[in-house]
Amino acid sequence: MLVIKNASFSYTSNLVLKDISFNISTGANLAIIGESGSGKSTLLKLIYGEYDLDQGEIFWKDTQILGPKHNLVVGYDFMKYVSQEFDLMPYISVEENIGKHLSRFYPEEKAQRTTELLKVVELETFSKTKVKNLSGGQKQRVAIARALAKQPEILLLDEPFSHIDNFKKQSLRRSVFKHLKEQNITCVVASHDKNDVLGFADQMIVLHDKRIIAKDTPQNLYKHPKLPLVASFFEEFSIIDDQIYYAHQLKIVERSDLKAIVKQCYFNGNSWLIEAKYNSDFIFIEHKDSLEIASEIYLKIER
Ligand SMILES: Nc1ncnc2c1ncn2[C@@H]1O[C@H](COP(=O)(O)OP(=O)(O)OP(=O)(O)O)[C@@H](O)[C@H]1O
């Protein structure tokens, strides 16, 4: 189990995280979400041992994770961290990057492992390409494969699919997270993207104003978002009588006490997102068709 206990951290005098506590069971996937600058990357770096905590403790099983004050070399063999910068070697090939830390005394195993990981990140056709000739998204996939090469016990991923196009993203996510579950690798993912979280995370924490403001399963946080910040991570929402409702919970009906005026319509694929004015507030409704601007609509709330 990974245990973070009362961790606080500041960059010089700028306090970024205060009293952060949570546990992650071995093999579980935990997502860290929060606005830009809320400290997600910093928290990953603290778990990796890149910085010294001001206060608190981090343990992986019986090993205390310590920062550079206590360790000459940052990091631990059982843990890998894929940062937003990738840190790859540009002048060698994709397969050489992935196999960099695998023993050359076992060439067959090294080749087999490299092939397996090329498959996980769907980069088989680029195995011989020099990394400097890859796109940002392809580099990101090499970085993930390289982190997995020596089978870590914990994998820390910072916005792991942010550079990858929408065509590839869905299948790549499934492939990587399936591999982590099959290998029982504990995973901590910092993300802005609900699609990295909803179908894959066992638990998620929400960072805001230096603290954890929510921690639960994605299902529970989605169904019962107590705070607008949590709801906003998932979908467009409205606040009516101090309650949070997602756009799909507001239905247009013939007549009701909830009257609104259509202000704008946005095509959303399977449906339209209708922006409307209700009293003095803007609200959002999911509807099958576009509506005439300035028309009156009546709403029913589906809880
Ligand atoms: N090396 C650093 N030195 C000083 N301050 C830093 C450093 N790195 C980050 N910060 C500050 O710490 C705060 C948290 O940054 P962090 O990168 O952890 O946020 P984040 O949630 O990962 O943001 P994003 O989603 O934009 O990646 C920010 O206010 C940032 O400016």
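The model shown is predicted, which means the values in this text are computed figures rather than measured ones.

Enquirer: Tell me about the pairing of strand E6 (residues 79-82), and name the residues and values.
Expert: Across the two faces of E6 the burial is the same, with Met 79 and Tyr 81 and Lys 80 and Val 82 all buried. Across 4 bridges, the pairing between E6 and strand E7 (residues 154-158) is parallel. Across the sheet, residue Lys 80 finds its bridge partner in E7, namely Leu 155.

Enquirer: Any chance you could break down the site of the ligand for me, citing the residues and the numbers?
Expert: Around the ligand, the surrounding shell consists of Tyr 11, Asn 14, Val 16, Gly 34, Ser 36, Gly 37, Ser 38, Gly 39, Lys 40, Ser 41, Thr 42 and Ala 190. Where the shell around the ligand is concerned, the elements lending two or more residues are strand E2 (14-24) and helix H1 (40-48). Considering every element that reaches the shell around the ligand, the biggest residue donor is H1, with 3 residues. Its residues assigned to classes, the shell around the ligand shows 3 nonpolar, 8 polar and 1 charged.

Enquirer: Account for the sheet that holds E2, with residues named and values stated.
Expert: The strand order across the open sheet built from 4 strands is E2-E1-E4-E5, with neighbouring strands paired in antiparallel fashion. In the strand order of this sheet, the two ends are held by E2 and strand E5 (63-64), each with one partner. As paired strands, strand E1 (residues 2-11) and strand E4 (residues 55-60) are joined by 5 bridges and run antiparallel to one another. Its bridge partner being in E4, Ser 8 is matched across the sheet by Gln 55. In this fold H1 packs onto E1, E2 and E4, with an angle of close to 65 degrees to the strand it touches most, E2.

Enquirer: Report on the environment of His 208, specifying residues and quantitative values.
Expert: Along the chain, the position of His 208 falls in strand E9 (residues 203-208). Between the C-alpha atom of His 208 and that of Gln 183, which follows or precedes it by 25 residues, the distance is 32 Å.

Enquirer: Please set out the UniProt feature "domain: ABC transporter" (unreviewed entry) in the protein chain residue by residue, giving values where relevant.
Expert: UniProt marks residues 2-234 with the feature "domain: ABC transporter" (unreviewed entry), using the numbering shown here. Across residues 2-234, helical content stands at 33% and strand content at 26%; the span's end C-alpha atoms are separated by 26 Å.

Enquirer: Pulling in residues and values, what's your account of the nonpolar core?
Expert: In this structure, Ile 32, Ile 47, Ala 145, Leu 156, Val 188 and Met 204 are the most contacted members of the largest nonpolar core, which totals 79 residues. Setting aside its immediate chain neighbours within four residues, Val 188 contacts Ile 24, Leu 30, Ile 32, Leu 44, Ile 47 and Leu 156.

Enquirer: Residue-level account of the sheet that holds strand E3 (residues 29-34), with values.
Expert: Strand order in the open sheet formed by 6 strands is E6-E7-E8-E3-E9-E10, and the pairing between neighbours is mixed. Two strands close off the open sheet at either side, each with one partner strand: E6 and strand E10 (211-216). Going across the sheet, the axis of each strand differs from the next one's by a mean of 15 degrees, ignoring polarity.

The rules behind these values
- Residues numbered from 1 in each chain as written.
- Predicted model: local features only at pLDDT ≥ 70, side-chain atom pairs only at ≥ 80, totals over all residues.
- Buried ≥ 20, exposed ≤ 12 C-beta atoms within 10 Å, placed from the backbone.
- Helix = DSSP H or I, 4+ residues; strand = E, 2+ residues; numbered from the N terminus.
- Pairing = 2+ DSSP bridges.
- Near = placed C-beta within 6 Å.
- Nonpolar A, V, L, I, M, F, W, Y, C, P; charged D, E, K, R; others polar.
- Contact = placed C-beta atoms within 7 Å.
- Axes fitted to C-alpha atoms, helices over the stretch in contact; angles between N-to-C directions.
- UniProt positions renumbered as here; feature names shortened; annotations may be inferred.
- Core = buried A, V, L, I, M, F, W, Y, C linked by C-beta atoms within 7 Å.

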